[in-house]
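If you want the building blocks of each chain, they are given just below.
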Amino acid sequence: MKFLNHLTLGQYIPADSPVHRLDPRCKILSVVLLLAGIFMVKHPVAFVAWGIFLLFLSRFSRIPFRVVIQGARPVIILVLFTAGIHLFLTRGVILWEWGILSVTREGVGMAFRMGLRLFFLVLFAGFLTLTTSPMELSDGLERLFRPFQRFGFPAHEMAMMMTIALRFIPTLFDETDRILRAQLARGADLDHGGLLRRMKAFIPVLVPLFVIVFQRAEDLAQAMEARCYRGGTGRSRMNPLRWKRADTFAMAGTLVIVAVFVLMDLGA
Amino acid sequence: MSIRVDSLGHVYHPGTPLETKALCGVDLMVEPGTWVAIVGQTGSGKSTLAQHLNALLLPTSGSVEVDGIPTTAEPSALRMVRRKVGLVFQYPEHQLFAESVLEEMAFGPRNWKFSEEDIRETTTRTMKLLGLSEELLTRSPFQLSGGQKRRLCIASVLAARPDYLVLDEPTAGMDAPGRRELLGLLKGLVKERIGIVHITHDLELALAMAERILVLEKGKTVFCGTPGSLMDELVERPIRGLCLPPILELVSGLRDYGYHVPFTLDAVELADRLEKEIRT
Amino acid sequence: MHNEDVFALRGVSFTYPGAITPALDGVDLSIRNGDWVALIGANGSGKSTLAKLLNALLIPTRGDCLVCGLKTGNEDNLWSIRSHVSMVFQNPDNQIVASVVEEDVAFGPENLGLPSLEIHERVLDCLCRVGLEEKRRAPTYALSGGQKQRLAIAGALAMQPCCLVLDEATAMLDPQGREDVLKILRNLHKTGMTLVQITHRLDEILDATRVVVLGKGRITWAGDLAGLFAMKDCFDEWGLEMPPLVRFSRKLQERNLLPKACLPFVKELLENLCP
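Parameters at a glance
Residues numbered from 1 in each chain as written. Chains lettered and ligands numbered in written order. Predicted model: local features only at pLDDT ≥ 70, side-chain atom pairs only at ≥ 80, totals over all residues. Heavy atoms only, no water. Salt bridge = Lys/Arg side-chain N within 4 Å of Asp/Glu carboxyl O. Helix = DSSP H or I, 4+ residues; strand = E, 2+ residues; numbered from the N terminus. Buried < 20%, exposed > 50% of the residue type's maximum accessible area, 1.4 Å probe, protein only. Pairing = 2+ DSSP bridges. Axes fitted to C-alpha atoms, helices over the stretch in contact; angles between N-to-C directions. Contact = heavy atoms within 4.5 Å. Phe/Tyr/Trp six-rings, centres within 6.5 Å; stacked < 30°, edge-to-face > 60°. Parallel < 35°, antiparallel > 145°, perpendicular 65-115°, else oblique. Nonpolar A, V, L, I, M, F, W, Y, C, P; charged D, E, K, R; others polar.

A. Structural view of the pattern of salt bridges. Considering all chains together, one arrives at 41 salt bridges over all chains under this definition. Here Arg186 of chain C and Asp207 of chain C are joined by a salt bridge, their closest N and O atoms 3.0 Å apart. In this pair, Arg186 of chain C sits in helix α6 (residues 175–190) while Asp207 of chain C sits in the loop between β8 (194–199) and β9 (210–215), placing the two residues 21 residues apart along the sequence. The class for Asp207 of chain C is partly exposed, based on a relative accessible area of 31%. Bridged by salt links that share partners, the residues Asp139, Arg235 and Arg237 of chain A together with Glu110 of chain C form one connected network.

Here it is as structure tokens:
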């Protein structure tokens with residue numbers, strides 16, 4: 001029996017570590033840099049270097065490596081799929097052939113590269129959400145996007161939306177799980193028949209879920225209003241973002257690491 | 001003919017850091033036409049046990065048998081068990097989805113491949129059993145009142161003609177008249193030879209309604225027996241995770257003082273007996 | 001402030017948009033500072049509507065609702081009223097905004113635009129008052145139902161209101177969670193907080209100083225606990241369950257075995273019956 005598993009995608013794990021204490025803006029920008037760096041990796045040795053950096057980061061942020069990997073579990077299929085596509089669709093020296101399927105030496109290389117790139121991408125991005133509470137994260141994004149507010153970009157609203165979305169992910173997962181069980185108990189058959197039948201079978205799960213989401217949204221809006229929420233104006237913060245010296249160092253460090261890795265890769 | 005739970009154990013997420021023992025060595029027997037209550041606090045394992053009775057969860061150790069069919073992953077047994085044991089979750093109105101009450105009622109029976117004629121027959125019958133008038137059939141389930149929604153949900157499970165009905169806090173959030181009406185209707189089902197498993201954290205309610213009570217604490221049985229013996233035991237020694245209903249607390253105090261009054265939830269009986277005691 | 005009414009409702013009616021019958025119909029009510037008012041009644045009697053009027057979440061369609069002397073109908077008073085009167089709702093999950101306990105408590109004070117230091121103080125103080133100080137950095141989704149509701153209370157208290165309105169705040173909790181919440185309310189009452197507690201469980205209102213019964217949008221009865229328990233044959237009509245102890249003490253009072261003034265609490269009954 002497969003039920004929705006409590007997944008750790010985007011879950012914040014509170015801890016007291018130098019990484020946790022960094023300014024979210026620093027972390028967001030660093031992750032962007034790291035992701036750009038990863039997209040340029042080609043050489044296997046560079047992958048090893050990135051891997052070591054990942055281990056180091058996990059130690060430094062006091063998040064067990066196991067948890068970091070767990071966070072990437074939901075995208076493993078996507079990773080394998082990407083690798084598979086490259087494995088079979090890259091032209092080159094043929095190693096193995098079966099009907100229209102062929103595996104080339106270039107394909108194997110590409111598959112490894114793309115698969116690993118995507119995997120590392122998710123792991124590094126995961127660090128951001130693992131070490132930054134949704135509130136901080138949205139604060140950071142709000143501040144980073146504030147310059148665009150002048151052009152009508154709703155920075156505060158987007159940030160608040162994200163906070164709430166992240167807050168309700170676990171709740172809605174539980175809810176979906178419960179509805180799923182309830183309909184199974186009523187004899188719903190969710191895993192037989194063709195695609196159309198299966199999609200139809202999910203109506204009894206989706207309709208109640210929508211009803212609940214709307215109900216929750218209404219309740220939450222009311223609760224927020226009762227607590228004097230009136231948008232971003234006049235709102236202060238418990239922990240105002242403060243760019244510290246550590247953030248400058250971290251930012252510089254990331255820049256150096258990415259530059260070294262990329263150069264090393266180009267050189268090799 | 002009965003549900004037999006035999007030294008049932010359940011472990012969530014085995015082998016992971018989230019591993020939790022939800023149930024450990026629980027025995028239970030539910031016969032048709034009886035009302036069994038499972039009482040315990042949040043996290044006592046009562047909801048886990050409920051899902052075992054309906055094969056939504058399968059035993060990690062021990063066994064659950066419904067009319068001789070063990071709950072296993074084997075699909076035909078699974079469906080058979082789910083058909084025999086109806087399960088009504090907490091706040092069941094959160095699973096309403098159909099366009100009309102009729103469609104909502106027909107969902108279960110259709111899943112169990114009842115004939116259209118049979119569906120019509122069972123719908124009319126169960127709606128009557130739960131005090132819902134036939135005029136509601138064409139209405140949207142979302143237009144009903146809170147109490148009606150609750151009863152519709154129970155009726156929609158009952159429409160599949162299960163032999164047992166497992167209800168998780170069926171009266172949660174209802175006011176006194178609504179609660180009394182629902183409990184009366186459920187009592188009527190027992191007369192129709194349906195076995196009721198009532199999961200609740202309200203000890204007073206369990207004592208008043210059930211013929212047998214199972215008290216769970218942290219996944220283990222701390223008591224299993226009749227309401228009478230539970231009351232006797234509660235006064236002798238506190239049972240973990242349960243607090244005495246006020247009236248029993250009063251009885252206990254009166255007895256300590258030397259009055260010979262019985263353990264009862266019936267206020268009038270208690271008053272009568274106490275009067276006799278005081279006058280002699 | 002002390003002699004003034006926290007709430008003064010004069011001929012308040014409210015009809016939901018699109019509805020034909022009013023949810024509240026000509027309600028007159030005043031609540032004094034420091035009162036613990038239990039607002040009881042059957043489902044659909046208008047209790048929740050009344051609660052929302054007290055916090056200016058709804059504005060009366062007729063009549064006036066004054067909170068600390070401020071009229072709720074006046075847009076300018078809105079934020080001042082909402083910082084005077086905090087609300088706790090039924091479903092704890094639907095009032096928690098943040099993913100971390102302390103961030104959620106901070107949400108209200110942040111909206112008031114308070115300085116960081118004061119927010120920190122308030123958060124710590126309020127978490128202590130509801131016994132969640134150890135969960136400060138815990139993720140909110142991992143709390144139990146009772147803890148979530150306590151968190152919601154902390155979030156409400158962080159606004160430093162003079163009154164707390166609880167709309168069936170215990171309805172979804174188990175006995176332990178309910179008792180925890182009631183204990184917090186008792187402590188708040190001691191410190192002089194005005195409480196408006198909406199419920200349909202009579203065993204939860206045993207600390208109330210005043211009881212108001214609503215039925216079909218009108219106030220059908222108002223008085224104190226002793227008066228409520230002395231009422232005859234109204235409980236069914238009001239959609240309330242008469243607790244067994246009330247029935248018991250009433251029977252004994254009829255037979256002159258108990259003084260009329262004895263309230264139906266275990267302790268009081270035992271004191272009177274076992275001298």
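B. Up close: the sheet that holds strand β3 (residues 35–39) of chain B. All names here are of chain B. Taken in spatial order, the six strands make up an open sheet running β6-β7-β8-β3-β9-β10, and their pairing is mixed. Each of the sheet's edge strands pairs with one partner strand only, and the pair in question is β6 (85–88) and β10 (220–225). Taking the axes of each pair of neighbouring strands and ignoring which way they run, one obtains an average angle of 15° across the sheet. Inspection of the sheet shows β3 paired to strand β8 (residues 195–200) by five bridges, in the parallel sense. Looking across to β8, one finds that Ala37 is bridged to His198. Along the sheet, helix α6 (residues 176–191) makes contact with β3, β7 (164–168) and β8, crossing β3 at roughly 125°.

C. The packing of aromatic side chains, seen in detail. Residue and element names in this part refer to chain A. This structure, assessed with the given rule, holds 15 aromatic pairs over all chains. Plain terms: the ring middles of Phe53 and Phe261 are 6.3 Å apart, the flat faces sit at 85° to each other, and that makes the pair edge-to-face. A residue pair is termed long-range when its members are at least 10 positions apart, and Phe53 in helix α3 (residues 44–60) and Phe261 in helix α11 (residues 245–267) qualify at 208 residues. Assessed through its relative accessible area of 12%, Phe53 is described here as buried.

D. Representation of the packing of helix α2 (residues 24–38) of chain A against helix α7 (residues 134–145) of chain A within the structure. Residue and element names in this part refer to chain A. Packing of α2 against α7 brings their axes to within 8 Å, and their N-to-C directions diverge by 75°. As judged from the angle between their axes, α2 and α7 are roughly perpendicular. Within the contact between the two elements, α2 uses Pro24, Arg25, Ile28 and Leu29 and α7 uses Glu136, Leu137, Gly140, Leu141, Arg143 and Leu144. In terms of residue class, the contact of α2 with α7 is built from six nonpolar, one polar and three charged.

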